[in-house]
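These are the residues of each chain, in order.
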Amino acid sequence: MAAVSEESGKIDVSQHRPARDVRKGYTRFQTGDVLFAKITPCMENGKIAVVPDLQSPFGAGSTEFHVLVPEAVEARFLFYWLSRQSFRHEAEFNMTGTAGQKRVPPDYLRNALIPLPDIETQRRIVTRIDELFSELDDGEEELARVRVDLEAYRKALLKAAVTGELTADWRAANMVSETGPDLLSRILKEKRERWSACGNTRSKRYIEPIGARDDHGVNLPAGWATASTDQLALHAVYGTSCKCSELDEGLLVLRMGDIQDGRLVIGKRKFAPVGERVPLLAKGDVLFNRTNSPELVGKTAVFDLDIDCSFASYLVALRLEGMRPQFFSYWMNSAYGRAWIDRNRSQQVGQANVSAGKLLGMSLPLPPLSEQSAIVELVEDLMADAENMVVSEVEAASGSAGLRQSILATAFRGELVQ
């Protein structure tokens, strides 16, 4: 069943086995036959295909296929007739069996009516449908390419942002009153002053933040500094481990799946029970996914919602000073941040982890605050422009499936060719 694609009619006949291995328990077919998935949900999803040329006289496949042997009808004419959603909807209505194991009975297909012009007209109809569908295929392939290009553009943009390449012209045109090294000195001074102001009650001596190590791999522009997360963080907090529910009665709890492409996109909502004591997010906090499969660890986004929220225990919330949270997110989602995560994550039976303590020891570039603001503005504007282009492509292609069905309906009303 997996060899037949949904809707497209594509079929993979590259797998070969000795005939003795498929002598029993398989459905036989040959070149030119039409395979029609009879079981739910494969039938509804359009797993239908014409068998192409085979290396041997016969092939074998899943017993969940009906095999239609065309006679007095072109194979692709029959394929297109069966591919219509209206036909599949009617077939679904006539399924028999229990839930999850419903099948289209063979008698339904045997008794189904099909309009049958002469062979030459059938061929002309098939040729015209093929031409129109080919144009739609080209549009869908272009959309897929645009989406890939957007991801490549996003990666290149983030790299340029965190290395200073993006703001090279900005630096040439602007003087800053406080450089990156000046900013870092001020942050560290203010940290110590806050500790002193609290009366030294938390500790007998001041503990300096973890120092930065120049291991981020970036050749810093003039006026930038290297800082550690610990030097920039007011706090790093783990989320709640309370049992959440879908009842909209408590506080919304953000989860890993809500972080998509460096942004918060709220999916299925979960809520902490009413009265549960949970950590709260402030606007501008950075959410970092600390544990899951290796490719998902490190997903990062800025909390920018105007609602009260908590967050799940596998997330870390960072509150920063001296660094725009968006710049920190750009860093974590860039190739440099990804490389740091890959070097520093722990691994246990498919589960990777980057603790808050490990994250606080990370080194990253620290541009002047004014340049950070310029970087954020440029990235947001450029990404918005790129995404708008993709949205235009998506809107142009969004009617593709409906258009295919409209073409088929027109064809079998006899209106596609004269």
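Residues numbered from 1 in each chain as written. Predicted model: local features only at pLDDT ≥ 70, side-chain atom pairs only at ≥ 80, totals over all residues. Heavy atoms only, no water.

> Mind laying out the overall build of the protein, listing which residues take part and the relevant values?
When you go through the protein residue by residue, the secondary structure sums to 12 helices and 19 strands. For 418 residues, the compact-globule estimate of 2.2 N^0.38 gives 22 Å, and the C-alpha radius of gyration of the protein, at 30 Å, exceeds that figure by more than 25%. Considered along the principal axes of its C-alpha atoms, the protein spans approximately 95 × 50 × 45 Å. Taking all 418 residues of the protein together, 41% fall into the buried category. Of the contacts formed within the protein by residues at least 6 apart in sequence, a portion of 77% connects residues at least 24 apart. Of the roughly 22,600 Å² that the protein leaves accessible, carbon and sulfur atoms contribute 51%. Here the protein carries 50 positive and 57 negative side-chain charges, and the mean point of each set is 8 Å from the other. (Helix = DSSP H or I, 4+ residues; strand = E, 2+ residues; numbered from the N terminus. Rg over C-alpha atoms; globule rule 2.2 N^0.38 Å. Buried < 20%, exposed > 50% of the residue type's maximum accessible area, 1.4 Å probe, protein only. Contact = heavy atoms within 4.5 Å. Areas by Shrake-Rupley, 256 points an atom, 1.4 Å probe, with all protein chains shown as cover. Lys, Arg positive; Asp, Glu negative; His and termini not counted. Charge placed at Lys NZ, Arg CZ, Asp CG, Glu CD.)

> Kindly report on the sheet that holds strand β7 (residues 233-238), identifying the contributing residues and their values.
Spatially, 4 strands are ordered β7-β16-β12-β14 in an open sheet, and the strand pairing comes out antiparallel. Every interior strand has two partners, whereas the edge strands, β7 and β14 (300-302), have only one. Adjacent strand axes in the sheet meet at a mean angle of 20° when their direction is disregarded. (Pairing = 2+ DSSP bridges. Axes fitted to C-alpha atoms, helices over the stretch in contact; angles between N-to-C directions.)

> Could you give an account of the environment of Pro273, with specific residues and numbers?
Tracing the chain through its elements places Pro273 in the loop between β11 (271-272) and β12 (286-289). A relative accessible area of 36% places Pro273 in the partly exposed class. Taking the C-alpha atoms as reference points, Pro273 and Ala37, separated by 236 residues in sequence, lie 46 Å from one another. Apart from the residues within four sequence positions on either side, Pro273 is in contact with Cys242, Lys243 and Gly250.

> Please give an account of the sheet that holds β11 that cites residues and values.
Across the sheet, which stays open at both edges, the 3 strands sit in the order β11-β8-β15 with mixed pairing between neighbours. Strands with a single pairing partner mark the edges of an open sheet, and in this sheet they are β11 and β15 (309-311). Of the pairings in the sheet, the one linking strand β8 (residues 251-254) to β15 comprises 3 bridges and is parallel in character. Within β15, the position partnered with Leu254 by the bridge is Phe311.

> Please give an account of the side chain of Ser83 that cites residues and values.
With respect to the helices and strands, Ser83 occurs in helix α1 (residues 75-83). Residue Ser83 is classed as buried on the basis of its relative accessible area, which comes to 8%.

> Describe in detail the packing of helix α8 (residues 325-333) against helix α9 (residues 335-344), supporting the description with residues and values.
Closest axis-to-axis distance for the α8/α9 pair is 4 Å, and the angle between their directions is 65°. Between α8 and α9, the residues in contact are Trp331, Met332 and Asn333 and Ala335, Tyr336, Gly337, Arg338 and Ile341, respectively. Taken together, the residues that form the contact of α8 with α9 break down as 5 nonpolar, 2 polar and 1 charged. (Nonpolar A, V, L, I, M, F, W, Y, C, P; charged D, E, K, R; others polar.)

> Can you lay out the packing of aromatic side chains for me, pointing to particular residues and giving the numbers?
Per the stated rule, a full pass over the model turns up 10 aromatic pairs. Both rings, one in Phe77 and one in Phe412, keep their centres 5.0 Å apart while their planes meet at 70°; by these two values the pair is edge-to-face. Here Phe77, found in helix α1, pairs with Phe412, found in helix α12 (residues 400-412); they are 335 residues apart in sequence, far enough to count as distant. Given a relative accessible area of 1%, Phe77 falls into the buried group. (Phe/Tyr/Trp six-rings, centres within 6.5 Å; stacked < 30°, edge-to-face > 60°.)

> Pulling in residues and values, what's your account of unusual backbone geometry?
A cis amide bond links Thr40 to the next residue, Pro41, at an omega of 0°. Even without being glycine, Glu7 reaches a positive phi, approximately 70°. Within the secondary structure, Glu7 is located in the segment before β1 (27-29). Given the relative accessible area of 43%, Glu7 is considered partly exposed. Of note, the phi angle at Asp261 is positive, near 50°, even though the residue is not glycine. Residue Asp261 is classed as exposed on the basis of its relative accessible area of 56%.

> Please set out the environment of Glu178 residue by residue, giving values where relevant.
Tracing the backbone through its elements, the reader meets Glu178 in the loop between α5 (168-173) and α6 (180-197). Measuring from C-alpha to C-alpha, the distance between Glu178 and Pro367 comes to 9.7 Å, with 189 residues separating the pair along the chain. Ignoring sequence-local partners within four residues, the contact set of Glu178 consists of Leu183, Arg186 and Pro368. Polar contacts involving the side chain of Glu178 include one to the side chain of Arg186, which spans 2.7 Å. (Polar contact = N/O pair within 3.5 Å; in protein donor to acceptor, adjacent residues only side chain to side chain.)

> Describe the pairing of strand β6 (residues 225-228), with residues and values.
In β6, alternate side chains face the same way, and those of Ala225 and Ala227 on one face and Thr226 and Ser228 on the other are all buried. Where β6 meets strand β19 (residues 363-366), 4 bridges bridge the pair, whose relative direction is antiparallel. Looking at β19, one finds that Thr226 is bridged to Pro365.

> Tell me about the nonpolar core, and name the residues and values.
Core analysis: the largest hydrophobic core is formed by 42 residues, its most contacted members being Leu232, Leu318, Phe328, Trp331, Met332, Met362 and Leu366. Look past the residues within four positions of Leu318 in its chain and what remains in contact with it is Thr229, Ala233, His235, Ala236, Asp285, Val286, Phe328, Leu359 and Leu360. Residues Ile129, Leu136, Leu408 and Val417 belong to the second largest nonpolar core, which totals 32 residues. (Core = buried A, V, L, I, M, F, W, Y, C linked by side-chain atoms within 4.5 Å.)

> I'd like a rundown of a negative patch on the surface, residues and numbers included.
A cluster of acidic side chains, namely Glu377, Glu380, Asp381 and Asp385, defines a negative patch on the protein surface. You can see Glu380 is positioned in helix α11 (residues 369-397). When its relative accessible area of 36% is taken as the criterion, Glu380 is described as partly exposed. (Patch = residues over 30% accessible without salt bridge, like charges linked within 9 Å, V, L, I, M, F, W, Y side chains within 5 Å. Salt bridge = Lys/Arg side-chain N within 4 Å of Asp/Glu carboxyl O.)

Purely spatial values, then, with no claim about function.
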